[in-house]
Amino acid sequence: EQWNMATALMNWETTSKRVEVRVRFTYATGTDATSRENLSPLWLDADGCTTDSLIRVAEGASDTHRDIRAPISGNVIAAAGHIHDHGVNIELTNESNASELICNSVARYGETEAYRTPDGRSHVSSMSTCVGDPVETITSGNTLRLHTNYNVPVGHGAMEDAMGIMLVFVDP
């Protein structure tokens, strides 16, 4: 199998630091492996799955959305979003089924000290998830709409490096 990983590291300091990234994979074997469902991951991206996934958002409240045709049919088992600071939430709806809500992943800020700067600013520390069996059902060809909502303070200027990503796991 081939694995890919996209990594972004952040440094609050003004000096560079050397870091190491270690990845540990745990996998199931034997009857534990055969009792699990084979899920298909869908990477949904407000930027259309480019190499950097960056979108531009203006000052104030905004809703950047992208329509994506569902490539497979099945039960959505789990979904979670990824946005940057000033992000409010990322929502997935099924426009082929009366704009039915599939998942609303909401940003949480400053939950631990690691996500608060010395001057008191809080940063995105986690996103809520949607888990169920199923959360919703999708059909191949459905129009899925990804809504990426930001609220950038006036005076901050537009953000050129915002993101709106949702990872969805489907049981086909």
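Residues numbered from 1 in each chain as written. Predicted model: local features only at pLDDT ≥ 70, side-chain atom pairs only at ≥ 80, totals over all residues. Heavy atoms only, no water.

Asks: When you look at the pattern of salt bridges in this model, what are you seeing that I'm missing?
Replies: Side chains that carry opposite charge are capable of pairing whenever their charged atoms lie near each other. Inspection of every chain in the model, using the stated rule, returns five salt bridges. Salt-bridge contacts for R56 lead to E160; the nearest nitrogen and oxygen are separated by 2.9 Å. Of this pair, R56 sits in strand 2 (residues 54-57) while E160 sits in strand 10 (residues 159-171); the two residues are 104 residues apart in sequence, bridging distant segments of the chain. In this structure, R145 and E95 form a salt bridge, with 3.5 Å as the shortest nitrogen-oxygen distance. Taken together, the residues R145 in strand 9 (residues 143-152) and E95 in the loop between strand 5 (87-94) and strand 6 (100-109) connect sequence positions 50 residues apart. Since its relative accessible area comes to 25%, E95 is described here as partly exposed. Overlapping salt bridges, with partners in common, bring together D67, E95 and R145 in one network. (Salt bridge = Lys/Arg side-chain N within 4 Å of Asp/Glu carboxyl O. Helix = DSSP H or I, 4+ residues; strand = E, 2+ residues; numbered from the N terminus. Buried < 20%, exposed > 50% of the residue type's maximum accessible area, 1.4 Å probe, protein only.)

Asks: Teacher, can you tell me more about a nonpolar patch on the surface here?
Replies: Judged by side-chain polarity, W3, M5, L9, V19, V21, V23 and F25 come together as a nonpolar surface patch covering roughly 800 Å² of accessible area. For L9, the location among the structural elements is in the segment before helix 1 (30-34). (Patch = residues over 30% accessible without salt bridge, like charges linked within 9 Å, V, L, I, M, F, W, Y side chains within 5 Å. Areas by Shrake-Rupley, 256 points an atom, 1.4 Å probe, with all protein chains shown as cover.)

Asks: Would you explain unusual backbone geometry in this entry?
Replies: In terms of backbone geometry, most residues other than glycine have negative phi values and most peptide bonds are trans. Along the chain, D133 connects to P134 via a cis peptide bond; the corresponding omega equals 0 degrees. Checked against the element boundaries, P134 lands in strand 8 (residues 129-138). Backbone geometry places H86, a non-glycine residue, at a positive phi of 75 degrees. Looking at where H86 falls in the secondary structure, it is placed in the loop between strand 4 (74-83) and strand 5. Here H86 falls in the partly exposed class, since its relative accessible area comes to 24%.

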